[in-house]
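This is what each chain is made of:
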Amino acid sequence: MTLLQLFKNIRPFVYPYRSLVVLALILTLIGSLTAQVNAWVLRYTVDKVNVLVETQQGIRKDFRLLGYISIILISKEILNAFIQFGQKYYGEKLRINISRDLAQTVIERILTYRMAFFTSGGNRPGKLQTRIDRGIESLTRLIQNFFIDILPLFANSLVALIVMFNANFYVGLVALCIISVYFYVSRVQAQKLNGSRRTIKELRENKSQGILSILESINVIKSFIREDIESEKQMNLQNNLTATQLKTRRISFLFDGFKTFIEQIGVVLIIILTVYFVLEGDMTIGAIMFHILLFNNVSAPIRQLHRIYDEMNDALIYSESFF
């Protein structure tokens, strides 16, 4: 199942709550604009203080500076508190409602199937339960994360990148190149982990079915003294699942370390570039911190890419069986 197919399948469940989606989008837009306030305030403050130092004036000459800065930053934090509350509450409300609709829809669908469906080896009760539970969990988590985490982060990143390009084209270009490399590495990471995730899904289904079979057949197992045999079967499943999970985490940690290195290279390049422009007289000193803070706003969602890819790939894999 492709990402486009996944969104097409989810759309009928999201559409009844479109008002919540619109509200979340509005809050996201406002939040992405307020997220840039710190960078603007810091640049103005550094430049203003630098002027006071150069002219050998104390801060007593401009006490209003502290007052204005305090009012702006406190007002921004108050506004952000309301925005974050709205994003989390409406995102959670959307998740809970869609989770209920998905669960009810799959129950109604299963009740219409003939007995031949349930007697098939691939549709045994334990496997069905895991397929349904994991499918609903991954799909609703993807929807919740999209409106609470992913959408705000990427809106913030886009606005910060536009501001960087507007302030200085070359600094913005460096940030864009670092993001592109980071995104490419994250994509390669997701592709390498895709096969392992599918294996983990199958092993989890088999594990759930094995436990359910033991509980359902406990009398037979006891009667024929098959405790050791059943225990060994489950141990093999557990060992395979553990080995696959460790392999997945090992690959993830290697890629995460490489991506952190790429991000720090971006910070170093931006510092060097902005210092050069300051020495050339094209920027003020405050612009150094201004661009570093903006780059942090740009790179923050990129740091979440590995988790985003994990969520999306889990949703893709489990939605295949669920839908």
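Here the structure is shown first, and the text comes after it.
What counts, and where the lines are drawn
- Residues numbered from 1 in each chain as written.
- Predicted model: local features only at pLDDT ≥ 70, side-chain atom pairs only at ≥ 80, totals over all residues.
- Heavy atoms only, no water.
- Helix = DSSP H or I, 4+ residues; strand = E, 2+ residues; numbered from the N terminus.
- Contact = heavy atoms within 4.5 Å.
- Phe/Tyr/Trp six-rings, centres within 6.5 Å; stacked < 30°, edge-to-face > 60°.
- Buried < 20%, exposed > 50% of the residue type's maximum accessible area, 1.4 Å probe, protein only.
- Lys NZ or Arg CZ within 6 Å of the ring centre and 35° of its normal.
- Polar contact = N/O pair within 3.5 Å; in protein donor to acceptor, adjacent residues only side chain to side chain.
- Salt bridge = Lys/Arg side-chain N within 4 Å of Asp/Glu carboxyl O.

Caption draft 1: Expanded view of the side chain of Thr-34. Among the secondary structure elements, Thr-34 is positioned in helix α2 (residues 18–34). Beyond its immediate stretch of four places on either side in the chain, Thr-34 contacts Lys-76, Leu-79, Asn-80 and Ile-83.

Caption draft 2: Looking closely at the packing of aromatic side chains. Taken as a whole and assessed by the stated rule, the structure comprises 10 aromatic pairs. Pairing Phe-117 with Phe-118 gives two aromatic rings, centres 5.2 Å apart and planes at 90°, and the pair type is edge-to-face. The exposure class assigned to Phe-117 is partly exposed, which follows from its relative accessible area of 25%. Grouped by ring-pair contacts, the aromatic residues Phe-165, Phe-169, Tyr-170, Tyr-276 and Phe-277 constitute a single cluster. Above the plane of the ring of Tyr-15 lies Arg-18, whose end atom (NZ or CZ) is 4.3 Å from the centre. Its end group placed over the ring of Phe-290, Arg-43 keeps NZ or CZ at 4.1 Å from the ring centre.

Caption draft 3: A look at the side chain of Lys-259. In this fold, Lys-259 is placed in helix α9 (residues 227–280). At 3.3 Å, the side chain of Lys-259 and the side chain of Ser-186 are in polar contact. Looking at Lys-259, its side chain comes within polar contact range of the side chain of Gln-189, at 2.8 Å.

Caption draft 4: Summary view of the pattern of salt bridges. Following the criterion strictly, the structure yields seven salt bridges and no others. In this structure, Arg-100 and Asp-101 form a salt bridge, with 3.1 Å as the shortest nitrogen-oxygen distance. Across the pair Asp-256 and Lys-259 runs a salt bridge whose closest N-O atoms are separated by 3.6 Å. In this pair, Asp-256 and Lys-259 are both assigned in helix α9, three residues apart and thus about one turn of the helix distant.

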